[in-house]
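Topology and contacts: notes
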Amino acid sequence: KQEVTQIPAALSVPEGENLVLNCSFTDSAIYNLQWFRQDPGKGLTSLLLIQSSQREQTSGRLNASLDKSSGRSTLYIAASQPGDSATYLCAVSNRDDKIIFGKGTRLHILP
Amino acid sequence: DTGVSQDPRHKITKRGQNVTFRCDPISEHNRLYWYRQTLGQGPEFLTYFQNEAQLEKSRLLSDRFSAERPKGSFSTLEIQRTEQGDSAMYLCASSLVGNYNEQFFGPGTRLTVL
């Protein structure tokens, strides 16, 4: 059974710092991995999707990496801003259907 | 707005009542998913459709829950005889087969059972 773990559960950093969020999964036979952002009481916004054959994806100040063999992914946020404050969710799918989520990392950027 | 929409956004009901939620996916998407999220947790899969066919249901989906997608477009999720434990955010997502299973989520329906 696939399990997704995100560390840390919460993180506070001063504005302008670079930061890394971690995600691990137990079954390396994944189809893809997605990183989402969720603001309080809101739905999910897809940030990056990494296909199983890829090792990283970039979008603006965000970079996500994938190491399937070790069951790990990282989300790197450069030059953090207060608007980046949100919960970041890592999710994997083992087939071309449902996705399994971690519990998320609550990020707070201090102005 | 061409994203996933959900209605209502908030629902407060008394224990024992029935509730129904609606999801309208992105128009060309043939897959539609329902997830449930409780406070401090990640979303958990409930069920999904490809066109009008319901392909998988989670064990979380008790007999009190039923989902439909009658014409392969919008979907409804009904909860009968609601219980306090049903209080959660119900999220809908859609995707296009062959597009790497990238799922796009709606804003969710927040259910509170008193």
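Residues numbered from 1 in each chain as written. Chains lettered and ligands numbered in written order. Predicted model: local features only at pLDDT ≥ 70, side-chain atom pairs only at ≥ 80, totals over all residues. Heavy atoms only, no water.

Digging into the overall build of chain A
When you go through chain A residue by residue, the secondary structure sums to zero helices and 11 strands. In terms of overall size, chain A behaves like a compact globule, its C-alpha atoms giving a radius of gyration of 13 Å where 111 residues would be expected to give roughly 13 Å. Counting only C-alpha atoms, chain A reaches 40 × 25 × 20 Å along its principal axes. Counting across all 111 residues of chain A, residues that qualify as buried make up 43%. Within chain A, contacts between residues at least 6 apart in sequence are counted, and of these 54% link residues at least 24 apart. With an accessible surface of roughly 5,200 Å², chain A has 49% of that area assigned to carbon and sulfur atoms. Side-chain charges of chain A comprise 11 positive and 10 negative groups, with the mean position of each set lying 5 Å from the other. (Helix = DSSP H or I, 4+ residues; strand = E, 2+ residues; numbered from the N terminus. Rg over C-alpha atoms; globule rule 2.2 N^0.38 Å. Buried < 20%, exposed > 50% of the residue type's maximum accessible area, 1.4 Å probe, protein only. Contact = heavy atoms within 4.5 Å. Areas by Shrake-Rupley, 256 points an atom, 1.4 Å probe, with all protein chains shown as cover. Lys, Arg positive; Asp, Glu negative; His and termini not counted. Charge placed at Lys NZ, Arg CZ, Asp CG, Glu CD.)

Brief notes about the sheet that holds strand β7 (residues 62-67) of chain A
All names here are of chain A. Taken in spatial order, the five strands of this open sheet run β1-β3-β8-β7-β6, and their pairing is antiparallel. Bordering the open sheet on either side are β1 (4-7) and β6 (56-59), each of which pairs with just one other strand. Going from strand to strand, the sheet's axes swing by 15° on average, the running direction of each strand aside. As paired elements, β6 and β7 share four bridges and run antiparallel to each other. Across the sheet, Q57 pairs through a bridge with A64, a residue of β7. (Pairing = 2+ DSSP bridges. Axes fitted to C-alpha atoms, helices over the stretch in contact; angles between N-to-C directions.)

Focus on the interface of chain A and chain B
Listed per partner, the contact involves 22 residues of chain A and 22 residues of chain B. Roughly 1,800 Å² of surface becomes buried between chain A and chain B when both sides are summed, with 50% attributable to carbon and sulfur atoms. At the junction of chain A and chain B, the tally comes to two salt bridges. The salt bridge involving R95 of chain A is made with E56 of chain B; its shortest N-O contact spans 3.3 Å. If you look at where chain A meets chain B, you find 11 residue pairs in polar contact (both at pLDDT 80 or more). When residues of the side of chain A that touches chain B are traced back to their parent elements, those giving at least two are β4 (32-38), β5 (44-51) and β9 (86-93) of chain A. Taken together, the residues that form the side of chain A that touches chain B break down as seven nonpolar, nine polar and six charged. (Buried area = accessible area lost by both parts, 1.4 Å probe. Salt bridge = Lys/Arg side-chain N within 4 Å of Asp/Glu carboxyl O. Polar contact = N/O pair within 3.5 Å; in protein donor to acceptor, adjacent residues only side chain to side chain. Nonpolar A, V, L, I, M, F, W, Y, C, P; charged D, E, K, R; others polar.)

Looking at the pattern of salt bridges
Applying the stated criterion to the full structure yields eight salt bridges over all chains. D97 of chain A is the salt-bridge partner of R95 of chain A, the closest N and O atoms lying 2.9 Å from each other. Residue classification places R95 of chain A among the partly exposed residues on the basis of a relative accessible area of 46%. Relative accessible area serves as the criterion here: at 7%, D97 of chain A is assigned to the buried category. One salt bridge connects R64 of chain B with E83 of chain B, and the closest N-O pair in it is separated by 3.4 Å. Of this pair, R64 of chain B sits in the loop between β6 (53-57) and β7 (65-68) while E83 of chain B sits in the loop between β8 (75-79) and β9 (88-95), and the two are 19 residues apart along the sequence.

So, the sheet that holds strand β1 (residues 5-7) of chain B
Residue and element names in this part refer to chain B. Pairing is antiparallel across the open sheet formed by four strands, whose spatial order is β1-β3-β8-β7. The outermost strands of the open sheet, each flanked by one partner alone, are β1 and β7. Shown here is a sheet whose adjacent strand axes are inclined to one another by a mean of 15°, direction ignored. Of the strand pairs in this sheet, β7 and β8 are connected by four bridges, and their pairing is antiparallel. Its bridge partner lying in β8, E68 is registered against T76.

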